[in-house]
Amino acid sequence: HILPDPTGASAIWAARRVPDDSFAVVPNVFIIRDIDTEDEENCMFSDTVHSVARQLKWWDPTAGKPLDFTAVYSDGEYSHKYYSGRRSWGVFG
């Protein structure tokens with residue numbers, strides 16, 4: 001997932017490895033949830049993913065919870081839950 005940072009000069013992004021025996025459905029919405037800072041083999045993210053969320057007061061690291069990329073940076077899943085639902089489930093049809 002990628003989006004511009006507040007300066008417009010760089011990007012905020014996150015990526016998660018999909019295991020070889022699995023697949024991911026990404027129907028025009030963010031699907032990556034918790035950013036696992038300890039799992040360097042399967043989870044990658046921009047240097048600014050945490051700092052921008054803190055600066056904008058969208059995430060508080062002192063709360064003891066990992067940064068949920070979708071909850072913090074997307075309005076699609078939470079504001080419009082039916083926006084991509086059909087496309088998500090259509091992969092099984």
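Residues numbered from 1 in each chain as written. Predicted model: local features only at pLDDT ≥ 70, side-chain atom pairs only at ≥ 80, totals over all residues. Heavy atoms only, no water.

Caption draft 1: Summary view of the overall build of the protein chain. If you tally the helices and strands in the protein chain, you get four helices and three strands. From first element to last, N terminus to C terminus, the protein chain shows the α and β order β-β-β-α-α-α-α. Going through the 93 residues of the protein chain one by one, you find that 28% of them count as buried. If you take every contact in the protein chain between residues at least 6 apart in sequence, the share linking residues at least 24 apart comes to 57%. (Helix = DSSP H or I, 4+ residues; strand = E, 2+ residues; numbered from the N terminus. Buried < 20%, exposed > 50% of the residue type's maximum accessible area, 1.4 Å probe, protein only. Contact = heavy atoms within 4.5 Å.)

Caption draft 2: Highlighting the environment of Ser 51. On the secondary structure map, Ser 51 appears in helix H1 (residues 49–55). The spatial distance from the C-alpha of Ser 51 to the C-alpha of Pro 61 is 9.9 Å, given a sequence separation of ten residues.

Caption draft 3: Geometry of the sheet that holds strand E1 (residues 2–4). Taking strand neighbours across the sheet as the criterion, the three strands line up as E1-E2-E3 in an open arrangement whose pairing is antiparallel. Edge positions in the sheet fall to E1 and strand E3 (43–45), since each of these pairs with one other strand and no more. Strand-to-strand twist in this sheet, taken as the mean axis angle between neighbours without regard to direction, amounts to 5°. Alignment of strand E2 (residues 11–16) against E3, held across three bridges, turns out to be antiparallel. Residue pairing in the sheet places Ala 14 in a bridge with Phe 45 of E3. (Pairing = 2+ DSSP bridges. Axes fitted to C-alpha atoms, helices over the stretch in contact; angles between N-to-C directions.)

Caption draft 4: Inspection of the pattern of salt bridges at higher detail. Per the counting criterion, the structure on display carries one salt bridge. Ionic pairing is found between Arg 33 and Asp 68, a salt bridge with its closest N-O pair at 2.7 Å. Of this pair, Arg 33 sits in the loop between E2 and E3 while Asp 68 sits in the loop between H1 and helix H2 (69–73), and the two are 35 residues apart along the sequence. Assessed through its relative accessible area of 28%, Arg 33 is described here as partly exposed. Look at Asp 68 and you get buried, because its relative accessible area is 17%. (Salt bridge = Lys/Arg side-chain N within 4 Å of Asp/Glu carboxyl O.)

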